[in-house]
Structure formats: structure tokens, C-alpha cells
Amino acid sequence: MAVEAVVSVVIRKLTNLVAEESELFGKVKDVVDKVMVELKEVQNISNRAEHQEQGNKLIKDRVVQFLGKVYHVEDAIESFAIAQTHLKRMSFLKKHIFVMANEFKLCREVPDKMDCSEEIRRLRSKLEGFIGDVQEWKNGIPSMAPVRHHSSSTTRRLEKSWKESDAYYVPKKEETIFKKDVEKLVRQLSSNRPLPLQIICVYGEAGTGKAAHVKAIYNKLEVQKKFECHALVFVHTKWSVRNLLMAILQQVTNLQGKEKLKDEDLIGRLHGFLKGRKYLIVIADIKSDLFKKLRGALPDTYNGSRVVITTPDEEASLFADASNRYHFKPLDVDDGWKIFVKKVRGLKGSPFSDDIMENLKNKIAESCKGTPLRISMLAGLLSTRKVVYEEWSSVFEQHDFVTKSPSFDVITFCYNDLSLYLRPCFLYLGLFRKGFEIPVRRLFRLWLAEGFVESQEGIILEDQVEGYLEELVNRNMVEISKRRSDESPKKCRMIGALHDIFLPKAVEIGLFHLHQRSDDNSNVAEPRFGVRRVVEYTNIKSSRISVAGNQNLQSYISFNGRKKDMPAEEVGTFLDKIIGSRGFGLLRVLDLEGVYRPRLPESLGNLLHLRYLGLRWTFLDALPSSLGGLLYLETLDIKHTHITTLPSSIWNMKHLRHLCLNGARLGIPAQATKYRALNQLQTLWGLFVDEKIAKKIGLTLSRMTNLRKLDLTRQSSSTVITTTVTTATTTTTTTTSHSSSYEEIGSWISKLTGLQSLRLRSKDKMGRPSELIIKPFSSLTNLSQLYLLGHLHKSLAWYQFSPGLKVLTLSVSKLDEDPMQTLSQLPSLMVLRLLAASFVGTEMHCPENGFPALQVLKLWKLEKLKILTVHEGSMQNLHTLEIRCCIELSELPETLLQIQSFDNLILTNMPKSFVSAIRKKKKKHTKIVESELDL
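Owing to the predicted nature of the structure, the values given are computational and were not obtained by experimental measurement.

Calculation notes
- Residues numbered from 1 in each chain as written.
- Predicted model: local features only at pLDDT ≥ 70, side-chain atom pairs only at ≥ 80, totals over all residues.
- Heavy atoms only, no water.
- Axes fitted to C-alpha atoms, helices over the stretch in contact; angles between N-to-C directions.
- Helix = DSSP H or I, 4+ residues; strand = E, 2+ residues; numbered from the N terminus.
- Parallel < 35°, antiparallel > 145°, perpendicular 65-115°, else oblique.
- Left-handed = near helix turned anticlockwise from the far one by under 90°.
- Contact = heavy atoms within 4.5 Å.
- Nonpolar A, V, L, I, M, F, W, Y, C, P; charged D, E, K, R; others polar.
- 1 Å grid on protein atoms, 1.4 Å probe; cavity = no way out; pocket = protein on both sides within 12 Å on 5 of 7 lines; lining within 4 Å.
- Points joined across faces, edges and corners; volume = space filled by probe spheres on them.
- Buried < 20%, exposed > 50% of the residue type's maximum accessible area, 1.4 Å probe, protein only.
- Pairing = 2+ DSSP bridges.
- Phe/Tyr/Trp six-rings, centres within 6.5 Å; stacked < 30°, edge-to-face > 60°.
- pLDDT = per-residue confidence, 0-100.

Asks: Looking at this structure, how should I read the packing of helix H14 (residues 354-368) against helix H15 (residues 372-382)?
Replies: Helix-helix packing: each pair is described by the crossing angle between the helix axes and the interaxial distance. Put simply, H14 and H15 touch, their axes get as near as 9 Å, and they point 125 degrees apart. Between H14 and H15, the angle is such that the two are oblique. In this structure, the crossing between H14 and H15 has a hand that is right-handed. Between H14 and H15, the residues in contact are Ile364, Ser367 and Cys368 and Arg374, Ile375 and Leu378, respectively. Here the residues of the contact of H14 with H15 sort into four nonpolar, one polar and one charged.

Asks: What is the right way to read empty space enclosed by the protein from this model?
Replies: Remark: the empty space left among the atoms is shown by a probe the size of a water molecule rolled over them. Overall, the coordinates contain six cavities of 30 Å³ or more when judged by the stated rule. Lining the largest cavity are 16 residues, with Gly746, Ile749, Leu760, Ile773 and Ile774 sitting closest to its centre. Breaking the lining of the largest cavity down by element, the ones donating at least two residues are strand E18 (709-715), helix H26 (740-749) and strand E21 (757-763). Class assignment for the residues of the lining of the largest cavity results in eleven nonpolar, two polar and three charged.

Asks: Would you explain the pairing of strand E4 (residues 306-311) in this entry?
Replies: Two faces belong to every sheet, and in a regular strand the side chains alternate between them. Of all six residues making up E4, six are buried, and the element is well covered by its neighbours. Residues Arg306, Val308 and Thr310 line one face of E4 and the alternating positions Val307, Ile309 and Thr311 line the opposite face, and both faces are buried. The pairing of strand E1 (residues 198-203) with E4 spans six bridges and is classified as parallel. Residue pairing for E4: Ile200 is matched across the bridge by Val308.

Asks: Explain the packing of aromatic side chains here, please?
Replies: One pass over the full model with this rule turns up 22 aromatic pairs. Seen from their ring centres, Phe352 and Trp392 are 5.3 Å apart, and the 70 degrees between their planes marks the pair as edge-to-face. Of this pair, Phe352 sits in the loop between helix H13 (333-343) and H14 while Trp392 sits in helix H16 (residues 389-396), and the two are 40 residues apart along the sequence. By relative accessible area, which is 1% here, Trp392 ends up buried. Between Phe408 and Phe413, the ring centres sit 6.0 Å apart and the planes meet at 65 degrees, which makes this aromatic pair edge-to-face. By the burial criterion, Phe408 is buried, and Phe413 matches it. Among the aromatic residues, ring-to-ring pairing joins Trp337, Phe340, Phe352, Tyr389 and Trp392 into one connected group.

Asks: Honestly, the confidence of the model for the protein in this entry has me stumped. Any pointers?
Replies: Interpretation of this model should avoid reading the predicted coordinates in detail wherever pLDDT is low. Here the protein averages 83 in pLDDT, while 85% of its residues score no lower than 70. Taken as a whole, residues 95-114 scores under 50 in pLDDT and shows 13 contacts with residues more than four places along the chain or in a different chain. Of the regions scoring below 50 in pLDDT, residues 519-523 engages in four contacts with residues more than four places distant in sequence or in other chains.

Asks: Any chance you could explain unusual backbone geometry here in plain terms?
Replies: Negative phi values dominate among residues other than glycine, just as trans dominates among peptide bonds. Within the chain, Lys369 stands out as a residue other than glycine whose phi angle is a positive 55 degrees. Along the chain, the position of Lys369 falls in the loop between H14 and H15. Here Lys861, not a glycine, exhibits a phi torsion of approximately 50 degrees, which is positive. Within the secondary structure layout, Lys861 lies in the loop between strand E26 (856-860) and strand E27 (867-870). Residue Lys861 is classed as partly exposed on the basis of its relative accessible area of 36%.

Here it is as C-alpha cells:
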């Protein structure tokens, strides 16, 4: 149900709003405070109702029904605040217009300040009405059993930084219980025999790990290389055959105008495209009736094509033309215990006696029904407790376990164990399609903008939100699907089976509304509580949201990425409706990432409380001039667009925390000192600075003291003076560059002690790498990632780098001295990338016992490199080496090939003789991947 989680978010948002706009709420503060008290009472009752037995359905229904009242009071308070802010802005403009007109004798007087007493009276009336509704609602709810509160996991989570959490930060390889079936399926898919189309069915009840295993097989390179085209689709519970066809076509073709075709035409197009091609299509969680409708789109060929389906539906496994079936059965007690032990964080050895361990095994088997998902989630829950028998036993002694109600499910029990602040964050993941890999940076900033993050004194919000994901991962409810080279999380997703369970719950309580095409739009029910957040999967033009619903909308998130189609004009039309006749809207989140050239109305600046504006990969050319009106904006993301300049009004955004550009210039006012600096800014990525801007931007940048991520490209136009001094015996030539403005920026960067990620590039007016002026980075004690592009006068000594540096990338540095002697002494360096012309010498030597933490080494286009020497004890943790276009390199040292952890060697555009020699010398544990790139 999760009503209490929604109410907690409403309380947090309204508390922050009233604090931020205390002046606006001065005359109604007394009644607003009373409303906050009543909302907390609603939250407490909702929490107690969540833990009642299934027989108390009446209580739960009454709680859900009252949620509409909570939403209405939230809208009333936010609408009042925004309306008052809008009136102030309009009053200011009108006043100046009247003053100017008076100067020209066009009017006689300036209007007085607008009278807001009527609006205050209306708000007070609504709030008092809500207080009365709460009293009446409480009187109608029967008494409930008290809730036994579990010990908070928050304290335990904060005891250890997320950066130190092995489970969250470092991927672990696990052996599967279904290892034999997996190996057999891999062999079946990678076979070269020209067999007819084979349909392979993997079935078993939800939570047995079918889809996860099949996806892992699908992603194997040796499997995908066997097929000309391939697709992996996760089926949504309410999908029609049209949804499925569109999802497959999206991956295998560039067919345009798919939305306009009828179902039978889509079947024909897919059949025609696949005919004659060797294809692999994997469809996860499909039911029998849906697959029967799809079957006509899959041509029978004798070229080894394969279709793999996973399904909880045993009927689907009985197709007459299914050539192979794999049944993932529930695990027995011993296998279940093996999964449990692997999934519990912090469990070492056997902390309990044999009798207690046996008792635990039986309780886990009984409550989890042999499904790996339930076992994994219960293990995650127990990971939040100390490994003490009394703590673990208290979990099994809770009411839900003891009563053994037929409706009891470990999955729901584990969800209810989440803290209130985590529940909406978890449910929110459901708005991303099943199986969708969510960029972690996008998720974090959306959670922040939605008001889900509960601030704590002394903890930066960005650290707080990372802790949220860490806890969900450690509870085995969310998985990290992709990691960066330093193994930090890059993408994540909700576990597939949980998506099927919790998406309907999130929709039921109005957390968000999915706008997607179905077979019969006439049967689409109106959202129970109106539309708070709309998630668009198809053209928003066909949305049935009412005018009132538009004006109360808080988030608009689109996944309607139509490749190479017409610009998304309908987005502008929809936003016009949101702003509506009132001239403003309640929208907090506008996420159009991947939508092709959406039209943004000029009135965009009237979305006064917009927190998140995501325009990445939209290919827009410009932003509305009203952008500066978004005073509460926290995230502005225009990366991968054609926007090259931003208005100077951006300096008014005092709440801006994340600014992602695409090599754009920032307009600097003539009197920059009079403007606010963006002193809340955490991310400034993709800034372009030329000599003209550099002279003015130094003071402005110096005020940005909270930056954590900085990407800056400078255009080189410095003056170069060459001086020649001749003596009786020698002639000395000295080259000096004069670029005082860039020196000032370099000094500013060296003072950013909170900086974690830094990318500096220097290019000339033709876009070519040029001289890069830098200062030592030793003062940047938090710096973990550094990327430098441009010519360096000389290598920095190892002590001039941050001791915590984990990832270093050098490109076109033109170093003629071997950098390995210096870099090998960095104690935390995990990833080293030496890219094109970073080193122009012929020999590199890795000293004895150097690179103690190095795991990934990339050597790209070091065209003069002939000899690579690795001395004993160096790089002992290396697992991946990538060599690309190092055409003079003759061999790899034996000491490198003998490193036990070295299991992945990637060779790209390397001479055949080099590859052949390495294959003869490599050890069994090292896998070679060879590829060719078009250069």
C-alpha cells in the first residue's frame, strides 16, 4: 500500500516550502502548523494499518481512500505559494511599466500593492476543512494492534561510508545453483549448426532467477557474435502484442513511423526483416496467449536462429514447437541456505551453534518457499541487523511470521521493513520500464528534485542520496547493472520480479501514472487520485489527463524516444496546458532525456517551482529566454545538445546544484560582482572558456567553493615568446607562455578541496589539443578521478597528485619521459588510461612493487612505444589490459602474463604477429578478445 511513505514525502516537501517561503505563509502559519501535526497523525495511522492482518481490509481501504485528501491539501498549499510568487513577479513588472509610462505622461499613478487577503482566506478555509476531515476520518477507523518497530538500519548504514561498502562498490562473481542448465543453454545458443528455428523455454515461478540467468547468457560476447541481429525484451504485465512488437522492432531495425502502423502490419514488417537473417530474440516473463500472437512474426529458417522465452506460465512451456525446456524449480533447504549465506552482508564463518543454524535454515526454507528472490531479500533484511542471534531471532518473532497468515509473503514483509524515506525511492524505480538500466546520476537527481531525500545535519544531500541506493542494493532489492572502470555504480535497476509486484502498488496510490498505448484505450480507467506524475511511453498528444489534472501535475517524465523522427511539438502543447490560464504550474520535474527536439514554450520560466530540467540527448539548439525565472531549479542538464550559450540570468538560480553542459559558454554580466555566484553548485560539467570569457569569469568561479565535479575546456590563444641566449659555449632557447587568465582559473581549481572528479582540456581555435596549463593537485585531497587532455610541459611528480586518486586519464600529453616511474607510486590508483600521444617515447618500465592498487590499464595509440617492461611485484591486482593501435609494440613481458588476477586482455588493431605471439605465451586464466576498428 505504501500510503505512509507518500504522506511522509508530502510532509517533507511542505515543511521545506514553508521554511523557504516563510514570508508568504506568515498570516496562515498557525493553521499550516496544525495541518502538519494532522499529517503526521495520518502517517502514523497509515503505518499501523500497513502492518495489520489481511482480515482488516476495511482499515486499509479507508486509509487509501483518504490519500486523496492529503493530495488536495498539498496542492492547495503549493498553489498558494506559487500564486503569491507569481503575483509578486507580475506586480513588480506592472509597477515598472507604470513608472516608465508616468515618466512619459501616459498615466497618473503607480498602483498599490496587490491585495492578497482573499487568497489567504481561501487557503485558511481549505486547511481548516482538511483538519476537520482528518478528525472525522480518525473517528471512523477501528482500533488497531500496536506496531513493533524494528531497530533503524540508518545508523548502521551511516557507520560505514558507501565508498567503503564492498557489497555496493565492488562486484562479486557468484556461481549459480542452475549452473548445468546455464552451460547447456550457452552451448545451444552458440552452436554453428544450421538448424531450423528453435524456441527454447525457461519456466518456473516468479523469483527463481529465470530472467536474470537468461539475460546474463544473452550478454555473453560468444553468444551475440553468432547472430546477425538480436533483441532482449522484458515484458510488462499489461503489454499487448503491439507493445511487444514495437519493443523488438526498436532493437533490430531503424523502421520509422512504427506508431502509425496497424498490428498486422507490424507483424509483417518484423517477419520480413528477420526472414533470411540469423537472429536471437530473448523475451522475458511472457504469458502463453501473448506469445501465440507473436509467433507469426518469427519466420522459420534453417540458419540457426533462436528464440528464448522465460515465463512463470507452465502452459507457455508446453508449446508444440518448443524444442527445449528448462525448469527452474524452487530450491531445497541446503541450496537455499547456500544462496542465503552468499547474500548476507557481514556474515563470516559460522557465528551460531549448529542447532541454531539448523533452526535458521528451516525457518528460511519455510518462509521463502525455495525461491532465490525471497531468500535474497530476507538475507538483505538481516544484513541490516547485527550478526547476533537475538537480533535475527527478533525478525522471525514479529507478528507476520508468527501468525503464518496465508497472505504472508516475505517480499511484502521486507518492503515494510524499509524506513519511510526509502519506500517512495524504491517504488519510484517502477516508473522506469522493467529491465531498463537507470543511470545512477539521473536517479539521484530525480530523487532529490521529487523531495524524497530527508536531509540530515552535517550530511550533504548528494552523500545522503547515495546512501539510499546503497541500502537498497545491500537489501538485494535493487541491483547494480553496470559499473564504471573503477567499479563504482553507473547504472541500476529494480529486480524484475519486484517490478511486477510493486509497479501496480505505486500506480494504485497515485505515485505516478503511466501513459502508454493499449489495445483498447476506451477501457483505460481514470487515475483514482488524479495524476501527480505522468510517465510517457507514447505520444503525450493522446493523453486523457483533464485540465485540472494538468495544473496539479508535479512531474512529467518522457521515454518517448523516437529516433530521427519529427521534432516533438506535442511536448510544448502539453506544457502550455500545464501552465494553463493561471500562468504557472506545480511542475517540479521535467525530464525529456532522449526526446528528439521537444518544443519548449517561452512561458517555461513560469514553472516557478521546477527543480529538475533534463534535456540530455534532445539535440536542442536553444533554450527559452525565460529560463532565468526558474529560481528553484536544482538540475539543468543540456549535455548532448547543440546549445552553446546560456543567458546571464542563470546566475540568479541560487538553488542550482548540477549544471551539465555540452561545451557551452556561460554569459557573464558586465558587473559580475553584483550577481549571485552559484555557491550551491556541486556539478559544473562541459563548460567552455575562451580568453575573452576567462578574463571575466575568474571572480565568479572563485565563489563556487562546493564543486565536486568539474569539466572545463579552455580555448588556447596565449602568446608564446621564444628567447634565445647564446654564450661562448652554448645556445639556450626558452619558450614562455603568457596566459594570466588561465593561471587564475588554475589557482581557483587548486582551492576546490571538495573536488572529486576533474576533467581539463585545452584546444586551439581549430579544435586541436594544445598546451595545457595546470597546477599541482596535491591539495585536492578528495580528488578520485582526473582526466587531462593537452600538451604538458613535463610530468608531475607523484606527490603532486592527490593520494586518493583512483582513475587517471592522459590524452595528447606528449610526454617524452616515462610516466610509469611516477604513476606507479600512487597508492590508490585503480584505473590508468594512457590515450593517443599521451606518451611519445619508446620504452615504459613499471618498477618493482609499483601500482599496488591498479586493476585496469589502457594503452591507446602510443605509436612509438616499442618496449613495455613490468618488474616483479608490479600490478599484482591487474585484471584488465587493453592495447589499441600500439603498432610498434613487439611483445608483452612474462611477468605481466603471470599475474594471477590478469584475466582479460583486449587487443584492438594490433599486428597479427603480435596477437599470434601473445596467444602462444598467455596463461589459461587470461582471456583474449581481439577486435578491429575503422580508423
